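Structural features, examined
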Amino acid sequence: MRFDTDFVAWFRSVAPYVNSFRHKTFVLAFGGEVVADGKFIELVHDLNLLASLGVRLVLVHGARPQIEARLNERNLQTSYVRGMRVTDAAALQCVKESIGRIRVEIEALLSMGLPNSPMANAAIRVASGNFVTARPVGIVEGVDLMHTGEVRRIDAAAIRSRLEQGELALLSPLGYSPTGEIFNLTLENVAAEAAIALKAEKLIFLMDTEVLEKEPSDGSEVSLLPELTVAEGKALLQEFARQAVRLPEDAQLYLPFAVQACERGVARVHLISRHIDGAVLMELFTHTGIGTMISEGPLQNLRDARIEDVGAILQLIEPLEAEGTLVRRNRELLEMEIGRFVVIEHDSMIAGCAALYPFPRDAACELACLAVHPDYRSAGCGDALLRNIEAKARSQGSKKLFVLTTRTAHWFIERGFVETDVGELPKAKQGLYNYQRRSKVFVKNI
Ligand SMILES: CC(C)(COP(=O)(O)OP(=O)(O)OC[C@H]1O[C@@H](n2cnc3c(N)ncnc32)[C@H](O)[C@@H]1OP(=O)(O)O)[C@@H](O)C(=O)NCCC(=O)NCCS
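Cut-offs used in this document
- Residues numbered from 1 in each chain as written.
- Predicted model: local features only at pLDDT ≥ 70, side-chain atom pairs only at ≥ 80, totals over all residues.
- Heavy atoms only, no water.
- Helix = DSSP H or I, 4+ residues; strand = E, 2+ residues; numbered from the N terminus.
- Contact = heavy atoms within 4.5 Å.
- Areas by Shrake-Rupley, 256 points an atom, 1.4 Å probe, with all protein chains shown as cover.
- Lys, Arg positive; Asp, Glu negative; His and termini not counted.
- Charge placed at Lys NZ, Arg CZ, Asp CG, Glu CD.
- Pairing = 2+ DSSP bridges.
- Buried < 20%, exposed > 50% of the residue type's maximum accessible area, 1.4 Å probe, protein only.
- Domains from an automatic or database assignment.
- Buried area = accessible area lost by both parts, 1.4 Å probe.
- Salt bridge = Lys/Arg side-chain N within 4 Å of Asp/Glu carboxyl O.
- Nonpolar A, V, L, I, M, F, W, Y, C, P; charged D, E, K, R; others polar.
- Near = heavy atom within 4 Å.
- Polar contact = N/O pair within 3.5 Å; in protein donor to acceptor, adjacent residues only side chain to side chain.
- Disulfide = S-S within 2.5 Å.
- Expected span 1.5 Å × (residues − 1).
- Bend = angle between axes of the 7 residues up to and from the residue.

1. Some thoughts on the overall build of the protein chain
Within the protein chain, the secondary structure is distributed over 15 helices and 26 strands. With the C-alpha coordinates of the protein chain rotated into their principal frame, the extents come out at 90 × 55 × 35 Å. Contacts in the protein chain between residues at least 24 apart in sequence constitute 69% of all its contacts with a sequence separation of at least 6. Of the roughly 22,100 Å² of accessible surface on the protein chain, 50% is carried by carbon and sulfur atoms. Averaged over its 50 positive side-chain charges, the protein chain has a centre that lies 6 Å from the centre of its 57 negative ones.

2. So, the pairing of strand β26 (residues 440-445)
Relative to β26, strand β24 (residues 400-405) runs antiparallel, the two being bridged by six bridges. Bridging from a neighbouring strand, Phe402 pairs with Val443 of β26. In this structure, strand β25 (residues 418-420) lies alongside β26, joined through three bridges in antiparallel fashion. The residue of β26 that forms the bridge with Val418 is Val443.

3. Points about unusual backbone geometry
You will see that Met146, though not glycine, has its phi angle at about 55°, which is positive. By the element assignment, Met146 lies in the loop between β8 (143-144) and β9 (149-154). You will see that Lys199, though not glycine, has its phi angle at about 50°, which is positive. Along the polypeptide, Lys199 turns up in the loop between α7 (187-197) and β13 (202-207). Classification of Lys199 by relative accessible area gives exposed; the value is 66%.

4. Topic: the domain arrangement of the protein chain
Splitting the protein chain by domain gives domain 1 (16-298) and domain 2 (301-445). Taking the mean C-alpha position of each, domain 1 and domain 2 sit 45 Å from one another. Each partner contributes residues to the interface: domain 1 has seven residues there, and domain 2 has seven residues. A combined buried area of about 690 Å² lies between domain 1 and domain 2, and 52% of that area is made up of carbon and sulfur atoms. Counting across the interface, domain 1 meets domain 2 through one salt bridge. The residue Arg268 makes a salt bridge to Asp347 at a minimum N-O spacing of 2.5 Å. By residue class, the composition of the side of domain 1 that touches domain 2 is three nonpolar, two polar and two charged.

5. Describing the site of the ligand
Neighbouring the ligand are 21 residues; Leu370, Val372, Ser378, Gly380 and Thr408 lie closest to it. With respect to the ligand, the backbone of Val372 contributes an N or O atom lying 2.8 Å from an oxygen atom. The side chain of Arg415 places a nitrogen or oxygen atom 3.4 Å from an oxygen atom of the ligand. Here the ligand has 900 Å² of accessible area as a free molecule, and 71% of this is covered by the chains. Elements with a minimum of two residues in the shell around the ligand: β23 (364-372), α13 (381-395), β24 and α14 (409-413).

6. Quick word on the side chain of Thr405
Tracing the backbone shows Thr405 in strand β24. Residue Thr405 is classed as buried on the basis of its relative accessible area, which comes to 7%. Reaching out from Thr405, the side chain makes a polar contact with the backbone nitrogen of Arg407 at a distance of 3.5 Å. Ignoring any residue separated from it by four or fewer positions in sequence, one finds Thr405 in contact with Phe412, Ser439, Lys440 and Phe442.

7. Section: the environment of His275
Mapped onto the fold, His275 is located in the loop between β18 (268-273) and α10 (279-285). A distance of 2.7 Å separates polar atoms of two side chains, one belonging to His275 and the other to Asp208.

8. A look at the state of the cysteines
Evaluated as defined, the whole model comprises zero disulfides. Cys369 forms no disulfide, and the closest cysteine sulfur to it belongs to Cys353, at a distance of 4.4 Å. The exposure class assigned to Cys369 is buried, which follows from its relative accessible area of 6%.

9. Details of helix α1 (residues 5-21)
Taking 1.5 Å per residue, 17 residues should reach 24 Å; α1 reaches 25 Å between its end C-alpha atoms and fits that length. Where α1 bends most, at Val14, the angle is about 30°, and the proline Pro16 comes one to four residues later. Among all positions of α1, only Val14, Tyr17, Val18 and Phe21 are buried. Positive phi appears at His23, one or two residues downstream of α1, with a value of about 65°.

10. Quick notes on the pattern of salt bridges
All chains considered together, the criterion is met by 27 salt bridges. With a shortest N-O distance of 3.2 Å, Arg306 and Glu308 are connected by a salt bridge. Taken together, the shared-partner salt bridges connect Asp37, Asp208 and Arg274 into one network.

Okay, structure coming up:
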């Protein structure tokens, strides 16, 4: 039997996500292109998998290319005001026909038993209904947009009860008014309002681009934007309005709603590529993700450790203990000493940790158990943990910070530590020094 350690490490790395996603609501929005391209079948496998892990799914589909094609078939021209289509009675007929057709196709694909697929015989039950109430956009710049509408209300209670039955809710970019009229909506408006009303954990838009890029119009260097805060998202939109940066067409549509949803309580919004098979899984189940993630505040947070962090800290330090870089600590010891630890959290995952052991008689402290997960290295986490530990030591009246290390000497030297003798350690620590490990002792005056 071959022991595949990569598999075990991978499985363990995915487990925290599986636990935290169970019974959470994800809203996934995609344009009509996904269905037109025949890509939806790949997505169905992944949706099935998410559903089987207990994720509550709401799908919001678009139909722009299908509506465009139908209008062309019937030789109908529609005009636009501020980017919004004027939906007259004839255009509304095309909208209804296109949305009806695409909905049936989506439902059929979601109903497939998918033999020979990763989720054989796992058909999804689809819930549909009059979940979206709409109102007319009205008159803009003197033009009546007629059947073009916006979301007035989402019946979150009705959707939630279907989700709790294990069904998937499918929403179309159509809404009804209390007077019985039908309105043509945008998928981004429906998706954002649904995510807000359902207090969704995640809102995911599938787009053409892989990761949002900041592409300055003056030709200066393009930068990738794997993570954005709401404030950064707003600043980017303002720069776009001033024509200082370029944005892909679908990002121009989705980003304002993504930012708005985050501001109004959706924990995370993801913009990911619709062209990569498995993109949704890669974005959701890997530390780094593959698209752009938007959150209200910074994703990284340095804080004192809590007892619930013990498991994650153990997972982080175990490989380093096994290779001899860190001294072994068992769960009981870690639980007892958790008050000495600080952690860096990245999007609710523990990315790094460090501990501080005070020796007040010697006006000194020891920094121990400094570790950063390999996925987050070389991004300043180690520095941030060290700065925090130094500040804590200083506030306790310490003048010196010690560290014992076997393999990381240069990292500490570059940060102002100098090598010293075991005899310089606080007396209480000298007694515990392990002569077999032959760690080097470093000290920094703080
Ligand atoms: C040491 C460690 C905490 C640094 O974390 P980090 O978040 O990557 O640190 P920073 O981003 O602040 O610094 C990264 C820089 O340190 C360098 N660095 C990392 N490990 C190093 C080492 N062992 N020796 C010298 N430099 C090192 C990196 O190359 C990088 O430099 P670069 O940006 O010029 O390439 C991390 O590498 C780690 O967890 N190592 C294993 C555990 C360990 O050795 N802990 C110390 C035990 S006392």
